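One-letter residues, chain by chain:
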Amino acid sequence: MPIEKDLKEAYTLLYDKREIEKALELYDKILGQDGNNLYANAYKSACLEKLYFRSSSWHNEETLESATDFLKKALDIAQKRGDRAKIGFVYFRFCIHYYNCKKYDLSKEYLSKCEQYGFSDDTLPLWKHNIETAYEKHKSKFKKEQPQEKLQEKPQEKPQEKPQEINVEVLAPKDTFKTDWYQSSNTVSISLFTKNLPQSKDDVNVSIKDSLLSISYQIPSTGSEFQYSVKLSHNVEPEPVQVSVFTKKIEVTLKKAEKIQWKTLEKTGNEITPPPTVPVVADVKAEPLATNNRAAELSYPSSSKKAIDWSKIDVDSDEDDPKTQSADSFFQQLYKGADEDTRRAMMKSFIESNGTSLSTNWEEVSKGKVEPALPEGVEMKKL
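As the structure is a computational prediction, the values presented were derived from the model and not from experiment.

Rules behind the numbers
- Residues numbered from 1 in each chain as written.
- Predicted model: local features only at pLDDT ≥ 70, side-chain atom pairs only at ≥ 80, totals over all residues.
- Heavy atoms only, no water.
- Helix = DSSP H or I, 4+ residues; strand = E, 2+ residues; numbered from the N terminus.
- Buried < 20%, exposed > 50% of the residue type's maximum accessible area, 1.4 Å probe, protein only.
- Contact = heavy atoms within 4.5 Å.
- Areas by Shrake-Rupley, 256 points an atom, 1.4 Å probe, with all protein chains shown as cover.
- Pairing = 2+ DSSP bridges.
- Salt bridge = Lys/Arg side-chain N within 4 Å of Asp/Glu carboxyl O.
- Patch = residues over 30% accessible without salt bridge, like charges linked within 9 Å, V, L, I, M, F, W, Y side chains within 5 Å.
- Axes fitted to C-alpha atoms, helices over the stretch in contact; angles between N-to-C directions.
- Core = buried A, V, L, I, M, F, W, Y, C linked by side-chain atoms within 4.5 Å.
- 1 Å grid on protein atoms, 1.4 Å probe; cavity = no way out; pocket = protein on both sides within 12 Å on 5 of 7 lines; lining within 4 Å.
- Points joined across faces, edges and corners; volume = space filled by probe spheres on them.
- Nonpolar A, V, L, I, M, F, W, Y, C, P; charged D, E, K, R; others polar.

Regarding the overall build of the protein chain
Here is step 1 of the chain: In terms of helices and strands, the protein chain carries 12 helices and 7 strands.
Here is step 2 of the chain: When the 383 residues of the protein chain are sorted by exposure, 36% land in the buried category.
Here is step 3 of the chain: Residue pairs at least 24 apart in sequence account for 55% of intrachain contacts in the protein chain once pairs closer than 6 positions are excluded.
Here is step 4 of the chain: Accessible surface for the protein chain amounts to roughly 26000 Å². Of this, 49% is attributable to carbon and sulfur atoms.

So this is what it looks like as structure tokens:
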């Protein structure tokens, strides 16, 4: 059975792999197929509770209220079926939920209820010890009167009154309710908190056109129409749509058209990016070099007292391949164009320094032996 398989996989994601958002996504899928699945409602509550305590983006009152609402729905399903084992199971989930919320008085109360219904679990003795210890430690903080947040096992139905003829009026969303939303990788859920709830989820009309979402239903107590519409920041699929009605809100879960993380629920508008500016570069024309100044421009500083006409040395000659031309080629051309004293200085300095120095100043070189000019940290080896 597909749902049973999904339930097992979601439970593994939630408790074994601790991939909470993936588990939440799978429980949403199950509830989309069967909104009255007791275990999917109960464990979706557990997902929301864990996300509330572990993720800053989920840490808000709406998340915690949703967790409580899904447990209440699970209890309602169990009570309608009259299944004592499942009622005991949901009471146990309430017990854990209120313990994590540090409401130890309510946790202790639902612990007693789940025991009355014969619920059995290997972890129950441990939970009982933790709850009773926490309750004894904090019981002075609890009020003696009955807590307001208490579930009735058998809610009494109020007698239906004949509806009065009232003109249908559209309620302004901003005046009657507040909204909240959360998302998983595949779905986005929108919560509408209002006192004017429909009788059932079947009375809720959901319309999706591109990214425009509209929700409407008739309010039983007044006969007026509730309407809500929003331009979503991204597109959603028209199906499946999951609608849940709780005690204080309705929740609509939609499937994303693309698996992307939404930054906002409502579309805020398209930002127009201005075209890039093209930098303007001035057209500067270089003045041609004077021909008669070429010799002066090619006169470089030298240690030799005799000037060397560097213009006669063709270092860019194409006679040899530039890729294979070495420094020796340059020095050969330099030696070829030099006078006798310069040649003698070059030969003496190069030989005496073991190839580590080259000078063109014969007056300086002729004064003595040219010592090797080694880089720092390098020593000359004698062969």
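More follows now that the structure is in view.
Thoughts on the pairing of strand β1 (residues 178-183)
Here is step 1 of the chain: Where β1 and strand β2 (residues 187-193) come together, 6 bridges link them in antiparallel fashion. Bridging across to β2, Y182 finds its partner in S189.
Here is step 2 of the chain: Where β1 folds back on β2, the antiparallel hairpin that results is connected by 3 residues.

So, the pattern of salt bridges
Here is step 1 of the chain: Considering all chains together, one arrives at 11 salt bridges under this definition.
Here is step 2 of the chain: Across the pair K249 and E251 runs a salt bridge, and its minimum N-O distance is 3.2 Å.
Here is step 3 of the chain: Given a relative accessible area of 0%, K249 falls into the buried group.
Here is step 4 of the chain: The residue K348 makes a salt bridge to E352 at a minimum N-O spacing of 2.9 Å. With K348 and E352 both in helix α11 (residues 340-352) and 4 residues apart, the pair spans about one turn of that helix.
Here is step 5 of the chain: Residue E352 is classed as partly exposed on the basis of its relative accessible area, which comes to 24%.
Here is step 6 of the chain: In this structure, a network of salt bridges that share partners links the residues D28, K44, K249 and E251.

Examining a nonpolar patch on the surface
Here is step 1 of the chain: Taken together, the side chains of Y335, M347, F350, I351 and L358 present a nonpolar region at the surface, about 460 Å² in accessible area.
Here is step 2 of the chain: Among the elements that make up the nonpolar patch, the one with the highest residue count is α11 (3 residues).
Here is step 3 of the chain: Along the polypeptide, Y335 turns up in helix α10 (residues 327-336).
Here is step 4 of the chain: For Y335, a relative accessible area of 31% translates into the label partly exposed.

Overview of unusual backbone geometry
Here is step 1 of the chain: In this model, E239 is joined to P240 through a cis peptide bond whose omega is -5 degrees.
Here is step 2 of the chain: Mapping P240 onto the fold places it in strand β6 (residues 236-245).
Here is step 3 of the chain: The residue R18 is not glycine, and still its phi comes out positive at about 55 degrees.
Here is step 4 of the chain: Here the phi dihedral of K102 falls at roughly 65 degrees; this positive angle occurs in a residue that is not glycine.
Here is step 5 of the chain: Positionally, K102 belongs in the loop between α5 (84-100) and α6 (104-116).

As for the sheet that holds strand β4 (residues 212-218)
Here is step 1 of the chain: Strand order in the open sheet formed by 3 strands is β3-β4-β5, with antiparallel pairing between adjacent strands. In this open sheet, the two strands that pair with only one neighbour each are β3 (205-209) and β5 (225-231). Averaged over all neighbouring strand pairs, the angle between strand axes comes to 10 degrees, with direction disregarded.
Here is step 2 of the chain: Pairing between β3 and β4: 5 bridges, direction antiparallel. Within β4, the residue paired with I208 across the bridge is L213.

Some remarks on the sheet that holds β6
Note on sheets: strands pair through backbone hydrogen bonds, and any given pair is parallel or antiparallel.
Here is step 1 of the chain: In spatial order, the strands read β1-β2-β7-β6; together these 4 strands make up an open sheet with antiparallel pairing. Both edges of this open sheet fall to β1 and β6, since each of them pairs with a single strand only. Across the sheet, the mean angle separating the axes of adjacent strands is 20 degrees when strand polarity is ignored.
Here is step 2 of the chain: Against the sheet, helix α4 (residues 61-81) contacts β1, β2, β6 and β7 (249-256), and its axis sits at roughly 100 degrees relative to β7.

Section: the nonpolar core
Here is step 1 of the chain: One finds L14, Y27 and V90 to be the most contacted residues of the largest nonpolar core, which totals 47 residues.
Here is step 2 of the chain: The set of elements that each furnish at least two residues to this core consists of α1 (2-16), α2 (20-33), α3 (38-54), α4, α5, α6 and α7 (124-138).
Here is step 3 of the chain: Ranked by residues supplied to this core, first place goes to α5 with 9 residues.
Here is step 4 of the chain: Those residues in contact with Y27 that lie beyond four places of it in its chain are L7, A10, Y11, L14, A40, Y43, K44 and C47.
Here is step 5 of the chain: Among the nonpolar cores identified, the runner-up in size contains 21 residues, and V188, V204, V252 and L265 belong to it.

As for empty space enclosed by the protein
Here is step 1 of the chain: Tallied over the full model, the rule gives 1 cavity of 30 Å³ or more.
Here is step 2 of the chain: Counted as a void, the largest cavity has a volume near 40 Å³.
Here is step 3 of the chain: Sort the elements by how many residues they give to the lining of the largest cavity and α3 lands first, with 4 residues.
Here is step 4 of the chain: Here the lining of the largest cavity is built from residues that sort into 4 nonpolar, 2 polar and 2 charged.

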